[in-house]
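Spelled out, the chains give:
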Amino acid sequence: MLDLHRLRLLREVRERGTVHATARALGYSPSAISQQLAVLEREAGVPLLERVGRNVRLTAAGDVLVAHAATILEGVEAAEAELAAVAAGRVAGVVRVAAFQSAVLRIVAPAIRALAETHPDIRVEATEAEVEQSVPALRLQQLDLVLGDEYVDQPHPVHDDLHREILLHESLMVVLPEGHPAAAGPEVALADLATSPWAACQPGTGHHQMQLRVCRQHGGFEPDIRYTSDDFVILLELVRTTGAAALLPQLARAHEAAGVTVRPAAGGAVGRDVYVLTRRSSTPAVHAVAAAIQQAAREA
């Protein structure tokens, strides 16, 4: 009999690429992961992993087992959800949600408040996370629903096992300290900010890549990104106090912040889509949370 926990570990290794990355994600030591996978190989009766340099990759048998593991684990998840619903007599269960900061504030939190009235037997567990980190966890059934953002001309990978629905499209606004000369008119020409310091999200995020691309493509300069944070509130404060410029989405509500000026970029430089991702095998509780999030996005 194959152990479900070990099947999950094998899926993690396939998705994350290395035993060490799997260990970091799950909070285990690499040796503990290796020991569990060795037991799984004995249970399967065939080699499931092969070493390639310092890393490992799945054998053909390992790929076959992971493909079946996905079906098995989805079935277990669906059975657990249906049992919970039968026990409660209504839609029930735990739904784990991840979203980036402004979506947590403007979409997820209002949705949770609404669900407390319409579906009191659904327990929503929400965390802040960027889409780059949360999508692998969604595919590995560590999350149930993810809110992501995708900037124009920066498409994210498409996964056949995930369902994606656009929630809203928003423009990116130029945020400057109050009284900045570049904000004297109704729009800001990015080229006028070539010598300005900039504040952006951390390297490796879609926002950071977007800000580099937009300044290069629409402003014709390499931005001097001196300040980084994935917290838009921190970025707004850095703009206000240091004189930096930033490109922030409308959900950040920069127009409500004191001490800054918000203007559209000349030529409508860039926008982003905010979307929700779920697994195609999602449960009724996940569908109920997704519907509440869609409603909150319309109101946002």
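Conventions and cut-offs
- Residues numbered from 1 in each chain as written.
- Predicted model: local features only at pLDDT ≥ 70, side-chain atom pairs only at ≥ 80, totals over all residues.
- Heavy atoms only, no water.
- Helix = DSSP H or I, 4+ residues; strand = E, 2+ residues; numbered from the N terminus.
- Buried < 20%, exposed > 50% of the residue type's maximum accessible area, 1.4 Å probe, protein only.
- Areas by Shrake-Rupley, 256 points an atom, 1.4 Å probe, with all protein chains shown as cover.
- Expected span 1.5 Å × (residues − 1).
- Contact = heavy atoms within 4.5 Å.
- Phe/Tyr/Trp six-rings, centres within 6.5 Å; stacked < 30°, edge-to-face > 60°.
- Lys NZ or Arg CZ within 6 Å of the ring centre and 35° of its normal.
- Axes fitted to C-alpha atoms, helices over the stretch in contact; angles between N-to-C directions.
- Parallel < 35°, antiparallel > 145°, perpendicular 65-115°, else oblique.
- Left-handed = near helix turned anticlockwise from the far one by under 90°.
- Nonpolar A, V, L, I, M, F, W, Y, C, P; charged D, E, K, R; others polar.
- Pairing = 2+ DSSP bridges.
- Salt bridge = Lys/Arg side-chain N within 4 Å of Asp/Glu carboxyl O.
- Core = buried A, V, L, I, M, F, W, Y, C linked by side-chain atoms within 4.5 Å.
- 1 Å grid on protein atoms, 1.4 Å probe; cavity = no way out; pocket = protein on both sides within 12 Å on 5 of 7 lines; lining within 4 Å.
- Points joined across faces, edges and corners; volume = space filled by probe spheres on them.

Asker: Hey, could you run me through the overall build of the chain in this one?
Answerer: Secondary structure assignment for the chain yields nine helices and 11 strands. Considering only C-alpha atoms, the chain reaches an extent of 70 × 55 × 30 Å along its principal axes. Sorting the 300 residues of the chain into buried and exposed places 46% on the buried side. Of the roughly 14,500 Å² of accessible surface on the chain, 52% is carried by carbon and sulfur atoms.

Asker: Is there a simple way to think about helix α9 (residues 284–299) in this case?
Answerer: Each α-helix winds once per 3.6 residues, and so residues spaced three or four apart point in a common direction. Compared with the 22 Å implied by 1.5 Å per residue over 16 residues, the 23 Å span of α9 between its first and last C-alpha is a close match. Along α9, the residues that are buried comprise Ala285, Val286, Ala288, Val289, Ala290, Ala292, Ile293, Gln294, Ala296 and Ala297. Tucked inside the fold, the buried residues of α9 contact β3 (93–99), α5 (101–118), β4 (122–128), β5 (145–151), β6 (162–177) and β11 (271–279).

Asker: Looking at this structure, how should I read the packing of aromatic side chains?
Answerer: How two aromatic rings sit relative to each other is given by the distance of their centres and the angle of their planes. Applying the stated criterion across every chain, the model contains one aromatic pair. On the basis of an interplanar angle of 35° and a centroid distance of 6.2 Å, the ring pair of Trp198 and Phe221 is categorised as tilted. Remark: Phe221 occurs in the loop between α7 (206–219) and β8 (224–228) and Trp198 occurs in strand β7 (residues 197–200); sequence separation between them is 23 residues. The residues Trp198 and Phe221 share a single accessibility class, namely buried. Note that Arg164 overlies the ring of Tyr275, its terminal NZ or CZ placed 4.0 Å from the centroid.

Asker: Whenever I open this one, the packing of helix α1 (residues 4–16) against helix α3 (residues 30–44) confuses me. Can you help?
Answerer: A pair of packed helices is characterised by two quantities: the angle between their axes and the separation of those axes. Two numbers describe how α1 lies on α3: the axes approach to 9 Å, and their chain directions differ by 115°. Considering their axes alone, α1 and α3 lie roughly perpendicular with respect to each other. Crossing angle aside, the handedness with which α1 passes α3 is left-handed. Contacts between α1 and α3 involve His5, Arg6, Leu7, Leu9, Leu10 and Val13 from the former and Ile33, Gln36, Leu37, Val39, Leu40 and Glu43 from the latter. For the contact of α1 with α3, the residue count by class is eight nonpolar, two polar and two charged.

Asker: Where do I start with the side chain of Glu12 in this structure?
Answerer: One can find Glu12 in helix α1. Here Glu12 is in contact with Gly17, Thr22, Leu26, Leu140 and Gln142, once residues within four sequence places are set aside.

Asker: Looking at this structure, how should I read the environment of Gly220?
Answerer: With respect to the helices, strands and loops of the structure, Gly220 is situated in the loop between α7 and β8. Expressed as a C-alpha distance, the spacing of Gly220 and Leu190, which sit 30 residues apart in the sequence, is 8.4 Å.

Asker: When you look at α7 in this model, what are you seeing that I'm missing?
Answerer: With 14 residues, α7 should reach 20 Å at 1.5 Å per residue; the first-to-last C-alpha distance of 19 Å fits that figure. Along α7, 10 of the 14 residues are buried, which leaves the element largely enclosed by surrounding structure. Just beyond α7, the residue with positive phi is Gly220, at close to 75°.

Asker: Explain the pairing of strand β2 (residues 55–58) here, please?
Answerer: Side-chain positions along a regular strand alternate between the two faces of the sheet. Across the two faces of β2 the burial differs, with Val56 and Leu58 buried and Asn55 and Arg57 not buried at all. Here four bridges tie strand β1 (residues 49–52) to β2, and the two strands are oriented antiparallel to one another. The partner of Val52 across the bridge, within β2, is Asn55. Counted along the chain from β1 to the antiparallel partner β2, the turn is two residues long, and its residue Gly53 has a positive phi close to 65°.

Asker: Is there a simple way to think about the pattern of salt bridges in this case?
Answerer: Once their charged atoms are close, side chains differing in charge can pair, the charge on each being opposite to the other. A complete count under the given rule lists 13 salt bridges for this structure. The closest approach of N and O atoms between Glu43 and Arg6, which form a salt bridge, is 2.7 Å. Taken as a pair, Glu43 in helix α3 and Arg6 in helix α1 lie far apart in primary sequence, 37 residues in all. Across the pair Arg253 and Glu256 runs a salt bridge, and its minimum N-O distance is 3.4 Å. Ionic contacts of the salt-bridge type, sharing partners, join the residues Arg96, Asp144 and Arg279 into one network.

Asker: What is the right way to look at the nonpolar core in this model?
Answerer: Note on soluble globular proteins: their nonpolar side chains tend to be buried together. By size, the foremost hydrophobic cluster in this structure holds 27 residues, and its most contacted members are Ile107, Leu145, Leu147, Val289 and Ile293. Where this core is concerned, the elements lending two or more residues are β3, α5, β4, β5, β6, β11 and α9. It is α9 that contributes the most residues to this core, nine residues altogether.

Asker: What am I meant to see in empty space enclosed by the protein here?
Answerer: Over the atoms, a rolling probe the size of a water molecule traces out where space has been left empty. All told, the structure shown has two cavities of 30 Å³ or more when counted by the stated rule. A volume near 70 Å³ is recorded for the largest cavity. Glu130, Asp149, Cys201, His207 and Phe232 are, among the 13 residues lining the largest cavity, the residues nearest its centre. Among the residues making up the lining of the largest cavity, the classes are represented as four nonpolar, five polar and four charged.

Without other data, these values stay purely geometric and don't point to any function.
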